[in-house]
Amino acid sequence: QKEVEQNSGPLSVPEGAIASLNCTYSDRGSQSFFWYRQYSGKSPELIMFIYSNGDKEDGRFTAQLNKASQYVSLLIRDSQPSDSATYLCAVTAGSARQLTFGSGTQLTVLP
Amino acid sequence: EADIYQTPRYLVIGTGKKITLECSQTMGHDKMYWYQQDPGMELHLIHYSYGVNSTEKGDLSSESTVSRIRTEHFPLTLESARPSHTSQYLCASSAPNRQIHEQYFGPGTRLTVT
């Protein structure tokens, strides 16, 4: 079992819809959770991080964390074609200063 | 957001050549990382450093080496490039005294070994 798992997609949603991206992790000691966006041929860009159970909102993005279920998600409201990218989930555990990345979910927002 | 720079952005080089990929950051970040990523594939950590004169190998076995003589500079060297080294190399850094350890990435170097 991979440490961080994501559905590879591709996930397609129409413009204006809510895109829901999911991530599960295996290490119960994981403490910080990150979402990165990576456009094709570009480097990952940090969208947001979360470390407490519940929701964290930043503009059109909402990260949701459920540590009991070892599950973190990213919701993108009012999806735009410019949101089309691969979204990477990453996790740190305890005092670890490294990130473990999932393989990413490819999102396509259809005009 | 970190200012992190990588040069060159693109490099095509012949087998057997020695190459150094440069990475610099201007934010005083103590932690720096090198990742390797093939197109459409996962990021793999190949080297990291938590400060000057501190370097460690990552999860992915790599024939490259790194050095950290200055806080802002973390170059990666391949002594003898091979076609199997063709990939994108991404440098990242993370700030000191942070419990969250978010990493910020440079633009990457796309290496092709012919």
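In this text, all values refer to a predicted model and were calculated from it rather than measured experimentally. (Residues numbered from 1 in each chain as written. Chains lettered and ligands numbered in written order. Predicted model: local features only at pLDDT ≥ 70, side-chain atom pairs only at ≥ 80, totals over all residues. Heavy atoms only, no water.)

A.B. asks: Tell me about the state of the cysteines, residues and numbers included.
C.D. replies: Two cysteines whose sulfur atoms are joined by a covalent bond form what is called a disulfide. Taken as a whole and judged by the stated rule, the model has 2 disulfides over all chains. Each disulfide pairs two cysteine sulfurs, and for Cys23 of chain A the partner residue is Cys89 of chain A, the sulfurs being separated by 2.1 Å. An S-S torsion of about -75° defines the bridge between Cys23 of chain A and Cys89 of chain A as left-handed. Highlighted residues: Cys23 of chain A in strand 3 (residues 19–25) and Cys89 of chain A in strand 9 (residues 85–93), separated in sequence by 66 residues. Here Cys23 of chain A matches Cys89 of chain A in class, with each residue buried. Disulfide partner of Cys23 of chain B: Cys91 of chain B, at an S-S distance of 1.9 Å. For the disulfide bridge between Cys23 of chain B and Cys91 of chain B, the dihedral angle about the S-S bond is near -75°, and by the sign convention the bridge is left-handed. Pair noted here: Cys23 of chain B is in strand 3 (residues 19–25) and Cys91 of chain B is in strand 9 (residues 87–94), with a separation of 68 residues, a long-range link. The same class applies to Cys23 of chain B as to Cys91 of chain B, namely buried. (Disulfide = S-S within 2.5 Å. Helix = DSSP H or I, 4+ residues; strand = E, 2+ residues; numbered from the N terminus. Buried < 20%, exposed > 50% of the residue type's maximum accessible area, 1.4 Å probe, protein only.)

A.B. asks: Now, about the sheet that holds strand 7 (residues 65–66) of chain B: what can you tell me, with residues and values included?
C.D. replies: Read from one edge to the other, the open sheet built from 4 strands follows the order 1-3-8-7 (chain B), with strand pairing classed as antiparallel. Of all the strands in the sheet, the pair left with one neighbour each is strand 1 (4–7) and strand 7 of chain B. (Pairing = 2+ DSSP bridges.)

A.B. asks: Give me the lowdown on the interface of chain B and chain A, citing residues and values where you can.
C.D. replies: Often the size quoted for an interface is simply the accessible area lost on bringing the parts together. At the interface, 22 residues of chain B touch 22 residues of chain A. When chain B packs against chain A, close to 1800 Å² is buried across both sides, 55% of that on carbon and sulfur atoms. Summed over the shared surface of chain B and chain A, the result is 0 salt bridges. Where chain B packs against chain A, one counts 4 residue pairs in polar contact (both at pLDDT 80 or more). Secondary structure elements with two or more residues in the side of chain B that touches chain A: strand 4 (31–37), strand 5 (43–51), strand 9 and strand 10 (104–105) of chain B. (Contact = heavy atoms within 4.5 Å. Buried area = accessible area lost by both parts, 1.4 Å probe. Salt bridge = Lys/Arg side-chain N within 4 Å of Asp/Glu carboxyl O. Polar contact = N/O pair within 3.5 Å; in protein donor to acceptor, adjacent residues only side chain to side chain.)

A.B. asks: Explain the pairing of strand 9 of chain A to me, and be specific about the residues and the numbers.
C.D. replies: All names here are of chain A. Burial analysis of strand 9 places 7 of its 9 residues in the buried class, which makes it a mostly covered element. As paired strands, strand 4 (residues 30–38) and strand 9 are joined by 8 bridges and run antiparallel to one another. Directly across from Ser32, in strand 9, lies its bridge partner Thr92. Inspection of the sheet shows strand 9 paired to strand 11 (residues 105–110) by 3 bridges, in the antiparallel sense. Bridge pairing in strand 11 links Tyr87 to Thr105. Looking at chain direction, strand 9 and strand 10 (residues 100–101) are connected through 2 bridges and run antiparallel. Residue Ala90 lies in a different strand from strand 10, and its bridge partner there is Phe101.

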